[in-house]
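Commentary on secondary and tertiary structure
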Amino acid sequence: MAKLTEYEDMNPRAKAVVEGIAKARGIDPAGINNVWKALARHPDTMERFATEMKSVMAPGALDGLTKELIYLAVSVANQCDYCINSHGYMARQKGMTEEMFDEFMAVVLAAQKGNKIATGYRVPIDEAFEEK
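Everything quoted here is computed from the prediction, not taken from an experiment.

Moving on to a negative patch on the surface. Residues Glu98, Glu99, Asp102 and Glu103 make up a contiguous surface patch of negative charge. Its location among the elements puts glutamate 103 in helix 6 (residues 98-120).

Another aspect to go through is helix 1 (residues 12-25). For helix 1, spanning 14 residues, the distance from its first C-alpha to its last is 20 Å, which sits close to the expected 20 Å at 1.5 Å a residue. Regarding helix 1, the residues found buried are Ala14, Val17, Val18, Ile21 and Ala22. All buried residues of helix 1 project into a common sector of 130° when viewed along the axis, lining one side. Projecting away from the buried face of helix 1 at angles above 90 degrees are the exposed residues Pro12, Lys23 and Ala24. In this structure, the buried residues of helix 1 make contact with helix 2 (34-39) and helix 3 (43-56).

Once that is clear, we can look at the state of the cysteines. Inspection of the entire model under this criterion finds zero disulfides. The thiol of cysteine 80 is unpaired, and the distance to the nearest cysteine sulfur, on cysteine 83, comes to 3.4 Å. Owing to a relative accessible area of 28%, cysteine 80 belongs among the partly exposed residues under this scheme. Overall, the relative accessible area of 17% leaves cysteine 83 in the buried class.

Bringing the pattern of salt bridges into the picture now. One pass over the full model with this rule turns up four salt bridges. A salt bridge links aspartate 44 to arginine 13, with the shortest nitrogen-to-oxygen separation between them at 2.5 Å. Of this pair, aspartate 44 sits in helix 3 while arginine 13 is found in helix 1, placing the two residues 31 residues apart along the sequence. Residue class for arginine 13 comes out partly exposed when judged on its relative accessible area of 36%. In this structure, the salt-bridge partner of glutamate 68 is lysine 94, at a minimum N-O distance of 3.4 Å. With glutamate 68 in helix 4 (residues 64-78) and lysine 94 in the loop between helix 5 (81-93) and helix 6, the pair connects residues that are 26 residues apart, well separated along the chain.

A cluster of nonpolar side chains, contributed by Leu62, Ile70 and Val74, occupies part of the molecular surface with about 240 Å² of accessible area. Summarising the element assignment, valine 74 is placed in helix 4.

A word on the packing of helix 4 against helix 6. One can describe the packing of helix 4 onto helix 6 by two numbers: an axis separation of 11 Å at closest approach and a directional angle of 45°. In terms of their interaxial angle, helix 4 and helix 6 are classed as oblique. As for the relative orientation of helix 4 and helix 6, their crossing is right-handed in sense. Between helix 4 and helix 6, the contacting residues are Leu65, Leu69, Leu72, Ala73, Val76 and Ala77 on the first element and Met100, Phe101, Phe104, Met105, Val108 and Gln112 on the second. A per-class count over the contact of helix 4 with helix 6 returns 11 nonpolar, one polar and no charged.

Next up on the list: the side chain of serine 75. On the secondary structure map, serine 75 appears in helix 4. Here serine 75 falls in the buried class, since its relative accessible area comes to 4%. In this view, serine 75 contacts Cys80, Cys83 and Ile84; residues no more than four positions away in its chain are not counted.

The rules behind the values
- Residues numbered from 1 in each chain as written.
- Predicted model: local features only at pLDDT ≥ 70, side-chain atom pairs only at ≥ 80, totals over all residues.
- Heavy atoms only, no water.
- Patch = residues over 30% accessible without salt bridge, like charges linked within 9 Å, V, L, I, M, F, W, Y side chains within 5 Å.
- Areas by Shrake-Rupley, 256 points an atom, 1.4 Å probe, with all protein chains shown as cover.
- Salt bridge = Lys/Arg side-chain N within 4 Å of Asp/Glu carboxyl O.
- Lys, Arg positive; Asp, Glu negative; His and termini not counted.
- Charge placed at Lys NZ, Arg CZ, Asp CG, Glu CD.
- Helix = DSSP H or I, 4+ residues; strand = E, 2+ residues; numbered from the N terminus.
- Expected span 1.5 Å × (residues − 1).
- Buried < 20%, exposed > 50% of the residue type's maximum accessible area, 1.4 Å probe, protein only.
- Arc of directions from axis to C-beta.
- Contact = heavy atoms within 4.5 Å.
- Disulfide = S-S within 2.5 Å.
- Axes fitted to C-alpha atoms, helices over the stretch in contact; angles between N-to-C directions.
- Parallel < 35°, antiparallel > 145°, perpendicular 65-115°, else oblique.
- Left-handed = near helix turned anticlockwise from the far one by under 90°.
- Nonpolar A, V, L, I, M, F, W, Y, C, P; charged D, E, K, R; others polar.

Keep in mind these values describe shape, not function.
As structure tokens, this is what we get:
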């Protein structure tokens, strides 16, 4: 299990990352998520991941809830309990209802089954689906 580093014990690079995240979220840096506490011992990885997350989760063509649902779907497919909980929470904060979650899970489960069928039966890709 990863050793968690509390904010007050982080090196300056890790503290800078946490402070940026905390400011954007409007929270106390000491209350940062465990994933950042785990990454604090690896500042290169922490900085890269923070930069990537900030970029991909920023406003764009997809709204914030859609981005959280995509992250949640990948987390379910990858069986990452931490990310399921954290991005499930964020999706609820951005408006996901229980009805939406039920429908979301039906789509995720159908996609997983469809993926297994196509892979297991080695179904060739239709010409109409090929990029031109």
